[in-house]
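The residues making up each chain are set out below.
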Amino acid sequence: MYHLNVEDMTCGHCVATIEKAVKTVDRNARVAVDLEAKTASIESGVASEAFIAAIEEAGYKASFKKSCCSHVG
């Protein structure tokens, strides 16, 4: 499971755009986008960098979310 911060989301259209970008990388990925928290959680076997690249190509800045255990990806 990948947890990402996604900046600049402001509406439901943004959420749909992020979900669509994730699905271009892995159409079977399970994705949950939280507009209020400006985060995306993605469950997939694809490398996390591919999701960040797809989200950034869609026009949003994405980065790994820091976690309590310093585990990324």
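S.K.: Just checking my understanding: could you explain the packing of aromatic side chains for this structure?
M.R.: Two measures describe an aromatic ring pair: the distance that separates the ring centres and the angle between the ring planes. Under the counting rule described, the total for this entry stands at 1 aromatic pair. Taken together, a centroid distance of 6.1 Å and an interplanar angle of 50° make the contact between Y2 and F51 tilted. Taken together, the residues Y2 in strand 1 (residues 2–6) and F51 in helix 2 (residues 48–57) connect sequence positions 49 residues apart.

S.K.: Explain the pairing of strand 1 here, please?
M.R.: The side chains of a regular strand alternate, residue by residue, between the two faces of the sheet. Along strand 1, the buried face is formed by Y2, L4 and V6; none of H3 and N5, which line the opposite face, is buried. Relative to strand 3 (residues 39–43), strand 1 is paired through 4 bridges, and the arrangement is antiparallel. When the sheet's bridge partners are listed, L4 is paired in strand 3 with A40. Note: strand 1 against strand 4 (residues 62–64), 3 bridges, orientation antiparallel. Residue pairing for strand 4: L4 is matched across the bridge by F64.

What counts, and where the lines are drawn
- Residues numbered from 1 in each chain as written.
- Predicted model: local features only at pLDDT ≥ 70, side-chain atom pairs only at ≥ 80, totals over all residues.
- Heavy atoms only, no water.
- Phe/Tyr/Trp six-rings, centres within 6.5 Å; stacked < 30°, edge-to-face > 60°.
- Helix = DSSP H or I, 4+ residues; strand = E, 2+ residues; numbered from the N terminus.
- Buried < 20%, exposed > 50% of the residue type's maximum accessible area, 1.4 Å probe, protein only.
- Pairing = 2+ DSSP bridges.

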